[in-house]
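If you want the building blocks of each chain, they are given just below.
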Amino acid sequence: MEDQELQEWIEQISLASFGRPFVHQARFNRRLRSTGGRYFTKSHDIEISWMQWETFGRDEIEKIIKHELCHYHLHILKRGYKHRDHDFKSLLAQVGGSRFCQSLPQARQKRAYKYRLECVNCKTEYFRKRKVDVRKYACGKCKGKLKSYTLDLPTSS
């Protein structure tokens, strides 16, 4: 599918599901990995993840398009267009859009933990991928002090 076909498809979905035209630009974005699509509030354009299209196909992309069109139409009507807004949630349910896109198989790869935090009092362990300033945090169970350890990661040769 090309960008022009996507444009026409979004225009059709907009008229059929929302009863309003989509008069801005739509395109695929090959770099989107963790999100299914994006709506730009300044230009009113919509981008759809090419990876979602390749991986999950037409049905999943239609739900993503409806999600982005909810942002689009509510923003233009000056109503609550953000994810947390009641207007957005109710319109999304009404048109059958998806609240979240499916995770891509490539995005599911987990990094190994690099840090281990241990409570000095109750010895509870916490694993983290990013460094944590232990002076700012306490144990979630007993409020004791935390001690940080760096874990040895396997090196690829």
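These notes cover the structure that comes with them. (Residues numbered from 1 in each chain as written. Predicted model: local features only at pLDDT ≥ 70, side-chain atom pairs only at ≥ 80, totals over all residues. Heavy atoms only, no water.)

This paragraph deals with the packing of aromatic side chains. Aromatic rings considered in pairs are described by the distance between their centres and by the relative angle of their planes. Applying the stated criterion across every chain, the model contains six aromatic pairs. Between the aromatic rings of Tyr 39 and Tyr 72, the centroid separation amounts to 6.0 Å while the plane-to-plane angle is 85°, which identifies the pairing as edge-to-face. One end of the pair, Tyr 39, is in strand S2 (residues 37-39); the other, Tyr 72, is in helix H3 (residues 58-76), and 33 residues separate them in sequence. Taking relative accessible area as the criterion, Tyr 39 reaches 12% and is therefore assigned buried. Members of the aromatic cluster, connected to one another through ring pairs, are Trp 9, Phe 28, Trp 50 and Trp 53. Over the face of the ring belonging to Trp 50 we find Arg 30, whose NZ or CZ atom lies 4.3 Å from the ring centre. (Phe/Tyr/Trp six-rings, centres within 6.5 Å; stacked < 30°, edge-to-face > 60°. Helix = DSSP H or I, 4+ residues; strand = E, 2+ residues; numbered from the N terminus. Buried < 20%, exposed > 50% of the residue type's maximum accessible area, 1.4 Å probe, protein only. Lys NZ or Arg CZ within 6 Å of the ring centre and 35° of its normal.)

Let's shift gears to the pattern of salt bridges. Summed over the entire model, instances satisfying the criterion amount to eight salt bridges. Where Arg 27 meets Glu 47, a salt bridge forms, and the shortest distance between an N and an O atom there is 3.3 Å. Placement of Arg 27 in strand S1 (residues 26-29) and of Glu 47 in strand S3 (residues 46-49) is noted, with a sequence separation of 20 residues between them. Its relative accessible area of 8% is what places Glu 47 among the buried residues. Two residues, Arg 79 and Asp 87, come together in a salt bridge whose shortest N-O distance is 3.6 Å. (Salt bridge = Lys/Arg side-chain N within 4 Å of Asp/Glu carboxyl O.)

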